[in-house]
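Notes for the structure review
Chain by chain, the residues:
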Amino acid sequence: EPEVTQTPSHQVTQMGQEVILRCVPISNHLYFYWYRQILGQKVEFLVSFYNNEISEKSEIFDDQFSVERPDGSNFTLKIRSTKLEDSAMYFCASRTSWTDTQYFGPGTRLTVL
Amino acid sequence: SQQGEEDPQALSIQEGENATMNCSYKTSINNLQWYRQNSGRGLVHLILIRSNEREKHSGRLRVTLDTSKKSSSLLITASRAADTASYFCATDAGTSGSRLTFGEGTQLTVNP
């Protein structure tokens, strides 16, 4: 069964550094998402992406964040200058249409020191 | 407004018993989805119920949706120790980006 994959599984970085989190959505999916979950808290929406542009973004998704679909398979989340409070599990998700199930990847645990 | 508030926050039962978790939300929705998360791991999709549906079944899972009360419930029958996990409801309001809004989750512990 097709799955959403994410790399790396764990990323440790110094405050102020740039990180890129990578996702490979399910191949026939058209809608892509990033969410995050701070330890012990609920999952929060960051951004949705369709037709090569951002559809919606939350207030968390400020100028430090960007997303890109550089080729036909990858979907990336970049954080330009990481802060301590960016430490969280980041989940990528994808779906075929805007009314269907969102399938989540296993997550990347980002630790900012 | 906060969507997807689950109760109870924690539930501990014995293997073989049924577990019921509830979710309430505040705004109108397109669909509601339930996910399971094992400790520190990814989100596994369990079931999606659309706003025009009242009940859905999948194996040992039964989900109900009452749009007039803005609430949903997840029933796991004949629970197993492997069902131990956090369970989240997530609402899709059908906005342009179709974001999911998650609740705080219910931590279910099934004791062998």
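Located above this text is the structure these notes cover.
Quick summary incoming for the structure in this document.

Each value, and the rule that gives it
- Residues numbered from 1 in each chain as written.
- Chains lettered and ligands numbered in written order.
- Predicted model: local features only at pLDDT ≥ 70, side-chain atom pairs only at ≥ 80, totals over all residues.
- Heavy atoms only, no water.
- Buried < 20%, exposed > 50% of the residue type's maximum accessible area, 1.4 Å probe, protein only.
- Helix = DSSP H or I, 4+ residues; strand = E, 2+ residues; numbered from the N terminus.
- Pairing = 2+ DSSP bridges.
- Contact = heavy atoms within 4.5 Å.
- Buried area = accessible area lost by both parts, 1.4 Å probe.
- Salt bridge = Lys/Arg side-chain N within 4 Å of Asp/Glu carboxyl O.
- Polar contact = N/O pair within 3.5 Å; in protein donor to acceptor, adjacent residues only side chain to side chain.
- Nonpolar A, V, L, I, M, F, W, Y, C, P; charged D, E, K, R; others polar.
- Axes fitted to C-alpha atoms, helices over the stretch in contact; angles between N-to-C directions.

Here we take up the pairing of strand β5 (residues 43–50) of chain A. Residue and element names in this part refer to chain A. The element β5 is extensively covered by neighbouring structure, given that six of its eight residues are classed as buried. Judged from the seven bridges that link them, strand β4 (residues 31–37) and β5 form a sheet pairing that is antiparallel. Residue pairing across strands places Tyr 31 opposite Tyr 50, the latter belonging to β5. The antiparallel pairing of β4 with β5 creates a hairpin that spans five residues between the two strands, and Gly 40 there sits at a positive phi of about 85°. Of the pairings in the sheet, the one linking β5 to strand β6 (residues 53–57) comprises four bridges and is antiparallel in character. When the sheet's bridge partners are listed, Tyr 50 is paired in β6 with Glu 53. The antiparallel hairpin formed by β5 and β6 contains two residues in its connecting segment, where Asn 51 sits at a positive phi of about 55°.

This part covers the side chain of Arg 36 of chain A. With respect to the helices, strands and loops of the structure, Arg 36 of chain A is situated in strand β4. Setting aside residues up to four positions removed in sequence, Arg 36 of chain A forms contacts with Lys 42, Val 43, Glu 44, Leu 46, Ile 60, Glu 85, Asp 86, Ala 88, Met 89 and Tyr 90 of chain A.

Before going further, it helps to examine the interface of chain B and chain A. Listed as interface residues are 25 residues of chain B and, on the opposing side, 23 residues of chain A. Between chain B and chain A, roughly 1,900 Å² of surface is buried when both sides are summed, and carbon and sulfur atoms account for 48% of that area. The interface formed by chain B and chain A holds three salt bridges in total. Its salt-bridge partner being Asp 100 of chain A, residue Arg 50 of chain B comes within 3.1 Å of it at the nearest N-O pair. In this assembly, chain B and chain A are joined by nine residue pairs in polar contact (both at pLDDT 80 or more). Contributing elements (two or more residues each) for the side of chain B that touches chain A: β4 (31–37), β5 (43–50), β9 (85–92) and β10 (100–102) of chain B. In the side of chain B that touches chain A, the residues fall into six nonpolar, 14 polar and five charged.

We now examine the sheet that holds strand β7 (residues 61–66) of chain B. Residues and elements named next belong to chain B. Taken in spatial order, the five strands make up an open sheet running β1-β3-β8-β7-β6, and their pairing is antiparallel. Of all the strands in the sheet, just β1 (5–7) and β6 (55–58) have a single pairing partner and so form its edges. Adjacent strand axes in the sheet meet at a mean angle of 15° when their direction is disregarded.

All names here are of chain A. Read across the open sheet, the four strands follow the order β1-β3-β8-β7; overall the sheet is antiparallel. Only two strands of the sheet have a single neighbouring strand rather than two, namely β1 (5–7) and β7 (65–68). Ignoring strand direction, the axes of neighbouring strands in this sheet form an average angle of 20°. The pairing of β1 with strand β3 (residues 19–24) spans three bridges and is antiparallel. Following the sheet pairing, Thr 7 is matched in β3 by Arg 22.

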